[in-house]
Amino acid sequence: MLARLKTFALIGIDAVPVDVEVDVSPGLPKTVLVGLPEAAVRESTHRIERALANLGYHPPQGRVVINLAPADLRKDAASFDLPIALGMLIGSGQVRPEQVEEWAVVGELALDGSARRIKGALSMAMTAARLGIQRFLVPAANAKEAAVVQEVAVFPASTLSEAVGLLTGQLLMEPVPTDVDGIFSRLNVYDVDFAEVRGQEFAKRALVIAAAGGHNVLMSGPPGSGKTMLARRLPTILPPLTPEESLETTRIYSALGLLPPDQPLLTVRPFRAPHHTVSDAGLVGGGSVPSPGEISLAHHGVLFLDELPEFDRRTLEVLRQPLEEGRVTISRALASTTFPANFILVAAMNPCPCGYFGDPRRQCLCAPTAIERYVSRISGPLLDRIDLHVEVPAVPWQDLASSREGLTSAQMRELVLRARHRQRQRFAPHPTLNGRMSSRQIRQFCRLDTPSQNVLRGAVEQFGLSARAHDRILRVARTIADLEDAEDIRPEHVFEAINYRILDRKLWLRY
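Keep in mind the model is a prediction, meaning the values are calculated, not measured. (Residues numbered from 1 in each chain as written. Predicted model: local features only at pLDDT ≥ 70, side-chain atom pairs only at ≥ 80, totals over all residues. Heavy atoms only, no water.)

Asks: In this structure, what is going on with the sheet that holds strand S11 (residues 271-272)? I would like to understand it.
Replies: Sheet strands pair by backbone hydrogen bonding; their relative direction is either parallel or antiparallel. Spatially, 5 strands are ordered S11-S14-S17-S10-S18 in an open sheet, and the strand pairing comes out parallel. A strand with exactly one partner marks an edge of an open sheet, and here the two such strands are S11 and strand S18 (388-391). The pairing of S11 with strand S14 (residues 302-305) spans 2 bridges and is parallel. Looking at S14, one finds that Phe271 is bridged to Val302. (Pairing = 2+ DSSP bridges. Helix = DSSP H or I, 4+ residues; strand = E, 2+ residues; numbered from the N terminus.)

Okay, structure coming up:
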């Protein structure tokens with residue numbers, strides 16, 4: 001008898017439909033698995049055979065041919081175990097075929113027949129909803145994650161026996177409910193706050209601008225000045241994740257198996273801080289089978305690169321395309337895969353190898369040539385793509401000993417939300433952020449009066465700024481004006497935006 005079931009394969013972070021066809025016919029006992037299976041799928045026949053036997057089912061007697069269609073799509077996950085096992089039961093007459101027509105099934109099986117957690121259940125549920133599949137059977141550990149997609153009814157199965165009971169109607173069960181609003185209200189909290197940061201008001205102002213306009217930031221200062229502390233609190237002043245943004249980000253974590261079991265949705269902005277020894281593939285994604293990297297895990301959040309000059313220069317250069325386009329494309333011989341990578345880059349560095357250049361309290365021991373070699377590890381083109389260059393000096397004693405708290409994250413977020421509201425109105429019906437304005441939008445929304453033009457022209461000529469840096473200054477000035485609820489960009493807005501270019505390449509070389 002021929003059995004046919006619907007399932008999914010995970011390609012990058014996207015799920016594609018796969019048909020599992022199992023044909024059981026008389027003959028010498030033999031199991032043949034075709035359809036471009038990789039090692040994890042080829043080994044599934046041994047797991048399934050023992051799971052069936054250990055649960056008291058009768059393994060098919062005779063020749064069994066298992067086809068995974070489409071045949072030219074590589075299958076390399078253990079999530080095909082459960083649909084193949086059900087297909088064997090149907091093919092051997094132990095389950096009627098009409099009972100599985102409305103279902104899609106995924107799951108890995110243990111030798112005792114229990115269903116194990118798989119990767120990418122959220123993406124699979126989204127694809128099932130798009131294809132009009134009414135019922136989706138998943139391992140119990142993935143049920144809450146998949147049930148976030150409310151257009152499809154999700155049923156959990158802890159074992160193969162439960163899966164058979166659900167398909168045959170012998171086990172009655174309601175679909176898994178999910179309260180998305182309740183999840184956000186319960187989990188949308190941060191355990192850090194800007195009120196904990198002493199001093200550094202200039203850096204806090206720069207981070208408010210970065211959050212309001214989606215600008216990238218580079219902080220330079222001596223060790224212990226608070227650069228990491230500031231960066232970790234940037235997500236707390238960003239607008240709350242919308243349900244759409246949460247789904248986009250969550251499915252990346254789901255595809256990599258990084259989603260906590262008790263958290264079906266990411267409800268706070270992600271913050272990723274890879275070590276400076278990270279590889280190209282680890283940062284932007286890659287591998288023989290392309291998978292997302294750190295920049296995709298920071299989608300709709302913050303990517304923090306501490307000790308920026310210590311990163312491999314080649315690794316940093318691959319950030320250029322994602323910083324401009326908000327996505328990264330991984331090309332291989334057989335196919336290309338695109339991953340989302342819309343993040344705010346926050347980088348931190350010391351001003352010199354010893355870390356104390358310019359610190360009035362400590363003497364710098366570095367030679368000028370050593371400082372030049374150190375800062376030259378960051379290329380000019382990458383520096384051009386960072387809008388805000390901020391000096392973070394050592395915190396004076398008065399600020400450390402003061403009992404007066406600065407602005408809280410909630411107060412700073414109010415400023416950010418007001419500026420974001422102006423941007424939504426400005427760019428409707430295709431909302432974007434000031435930091436991602438196109439050249440045409442810059443000409444339309446960043447017009448300068450004569451005094452402002454004179455200020456900007458003087459900066460370009462004095463510092464030798466590139467055309468890209470010129471546009472970055474205009475984007476930042478537009479955000480500063482939005483924070484002040486100003487319709488037009490004024491000279492003081494341009495002055496402040498220029499002050500955030502103090503670490504531009506030509507100025508560095510004067511050190």
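Following the structure, the description resumes.
Asks: Could you clarify how one ought to interpret the environment of Arg501 in this entry?
Replies: Take Arg501: it is sitting in the loop between helix H22 (491-499) and helix H23 (505-508). Judged by relative accessible area, Arg501 falls into the buried class, the value being 2%. Distance from Arg501 to Leu483, taken between C-alpha atoms, is 19 Å for residues 18 residues apart in sequence. Beyond its immediate sequence surroundings of up to four residues, Arg501 is in contact with Leu383, Asp384, Ile386, Asp387, His389, Ala469, Arg472 and Ile473. (Buried < 20%, exposed > 50% of the residue type's maximum accessible area, 1.4 Å probe, protein only. Contact = heavy atoms within 4.5 Å.)

Asks: What's the story with the side chain of Asp280 in this structure? I'm lost.
Replies: Its location among the elements puts Asp280 in helix H11 (residues 280-284). With residues near it in sequence (within four places) discarded, Asp280 still touches Gly285, Arg314 and Thr315.

Asks: Sorry if this is basic, but what is going on with unusual backbone geometry here?
Replies: What you tend to see is this: most non-glycine residues have negative phi, and most peptide bonds are trans. For the bond running from Ala69 to Pro70, omega is 10 degrees, close enough to zero to count as cis. Pro429 follows Ala428 through a cis peptide bond whose omega is 10 degrees. A positive phi angle, near 55 degrees, is found at Gln200, a position not held by glycine. Here Gln200 shows up in the loop between helix H7 (180-187) and helix H8 (201-213). For Glu307, which is not glycine, the phi dihedral falls at a positive 55 degrees. Looking at where Glu307 falls in the secondary structure, it is placed in the loop between S14 and helix H13 (313-317). Overall, Glu307 belongs to the partly exposed group, its relative accessible area being 25%.

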